[in-house]
Amino acid sequence: MSLSISLHMLARLPVPGRVKTRLIPALGEEGACDLQRTLLERALQLPSDGFSERFLWLDDSPDTELQTLADQLGWTLVEQPAGDLGERMRWIAALGLAESDAVVLIGNDCPALDGEYLSGACIALHAQSVVLGPAEDGGYVLLGLRRVDPRLFEAMPWGTDRVLSLTRERLQQLDWSHQLLPVLWDVDRPEDLPRLAALGIRV
């Protein structure tokens, strides 16, 4: 069975003082903003293999440079819905599942997430209801779904080390099968910055 799978990236528009705020003490507002743009542009260049459509959900209207890049690389830009992170993810997942058999949700904070990782998620979704890409900090960098339930997103302590474990508990309560991908790291704190050099990302 072949599934139609849509890719949905949630990201914040690079605006000084509004993005990567935990990195501002190390990089300054402009430096943190530049890093957000670098990570976002890198994520937009992920391969499209395996996906029927790709959507970039921004928290604000894009600037011309970002709009042009997204258009060139085949992404559809959409403004994020209202609500907290969980409400937005649930809404985007439900909308995606109305048009495709499965959805994959990612952010732009994980530069180690590559085309091979995305392919692994797509393969897993052919056998499982849910696939999770764990993050070292206890959250997740990828969520793949063939169905959606509000309990996966409600009253979730986003940004804490309990997100992945609570999500798995709720999947067990729903009796939904799921698969874990390899653990990756994302860029949120000053101690994450030295690892960027190994990927050729300058800050």
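- By the naming in an unreviewed UniProt entry, the protein chain goes by TIGR04282 family arsenosugar biosynthesis glycosyltransferase and is assigned to Pseudomonas benzenivorans.

Topic: the overall build of the protein chain
(1) Moving on: The helix and strand inventory of the protein chain stands at 5 helices and 7 strands.
(2) Moving on: For the protein chain, the α and β elements follow one another from N to C terminus as β-α-β-α-β-α-β-α-β-β-α-β.
(3) Moving on: Its C-alpha atoms give the protein chain principal-axis dimensions of roughly 45 × 35 × 35 Å.
(4) Moving on: Counting all 203 residues of the protein chain, 47% fall into the buried class.
(5) Moving on: Restricting the contact set of the protein chain to residue pairs at least 6 apart, pairs at least 24 apart contribute 66%.
(6) Moving on: When the 18 positive and 30 negative side-chain charges of the protein chain are each reduced to one mean point, those points stand 4 Å apart.

Concerning the packing of aromatic side chains
(1) Moving on: Within this structure, the stated rule accounts for 2 aromatic pairs.
(2) Moving on: Ring centres of Trp57 and Trp91 lie 6.0 Å apart, and the angle between their planes is 85°; on these two criteria the pair is classed as edge-to-face. With Trp57 in strand 2 (residues 53-58) and Trp91 in helix 3 (residues 85-99), this residue pair connects regions lying 34 residues apart in the sequence.
(3) Moving on: The class of Trp57 is buried, set by a relative accessible area of 3%.
(4) Moving on: With a relative accessible area of 40%, Trp91 lands in the partly exposed category.
(5) Moving on: Both rings, one in Tyr140 and one in Trp158, keep their centres 6.5 Å apart while their planes meet at 85°; by these two values the pair is edge-to-face. Pair noted here: Tyr140 is in strand 6 (residues 140-145) and Trp158 is in the loop between strand 6 and helix 5 (163-174), with a separation of 18 residues, a long-range link.
(6) Moving on: Judged by its relative accessible area of 14%, Tyr140 falls in the buried class.

Let's talk about the environment of Asp188
(1) Moving on: Considering the arrangement of structural elements, one finds Asp188 in the segment after strand 7 (178-180).
(2) Moving on: Considered as a pair, Asp188 and Lys20 are 168 residues apart in the sequence and their alpha carbons are 6.8 Å apart.
(3) Moving on: Filtering out sequence-adjacent residues up to four positions away, Asp188 remains in contact with Lys20, Arg22, Leu23, Asp109 and Asp137.

Points about the packing of helix 1 (residues 24-44) against helix 2 (residues 64-73)
(1) Moving on: The geometry of helix 1 relative to helix 2 is characterised by a closest axis approach of 10 Å and an angle of 15° between their N-to-C directions. In terms of orientation, helix 1 and helix 2 fall into the roughly parallel class. As helix 1 packs across helix 2, the resulting crossing turns out to be right-handed. Where helix 1 abuts helix 2, its residues Arg37, Leu40, Glu41 and Leu44 lie against Glu65, Leu66, Leu69 and Leu73.
(2) Moving on: Its residues placed into classes, the contact of helix 1 with helix 2 shows 5 nonpolar, no polar and 3 charged.

Reading guide: rules and limits
Residues numbered from 1 in each chain as written. Predicted model: local features only at pLDDT ≥ 70, side-chain atom pairs only at ≥ 80, totals over all residues. Heavy atoms only, no water. Helix = DSSP H or I, 4+ residues; strand = E, 2+ residues; numbered from the N terminus. Buried < 20%, exposed > 50% of the residue type's maximum accessible area, 1.4 Å probe, protein only. Contact = heavy atoms within 4.5 Å. Lys, Arg positive; Asp, Glu negative; His and termini not counted. Charge placed at Lys NZ, Arg CZ, Asp CG, Glu CD. Phe/Tyr/Trp six-rings, centres within 6.5 Å; stacked < 30°, edge-to-face > 60°. Axes fitted to C-alpha atoms, helices over the stretch in contact; angles between N-to-C directions. Parallel < 35°, antiparallel > 145°, perpendicular 65-115°, else oblique. Left-handed = near helix turned anticlockwise from the far one by under 90°. Nonpolar A, V, L, I, M, F, W, Y, C, P; charged D, E, K, R; others polar.

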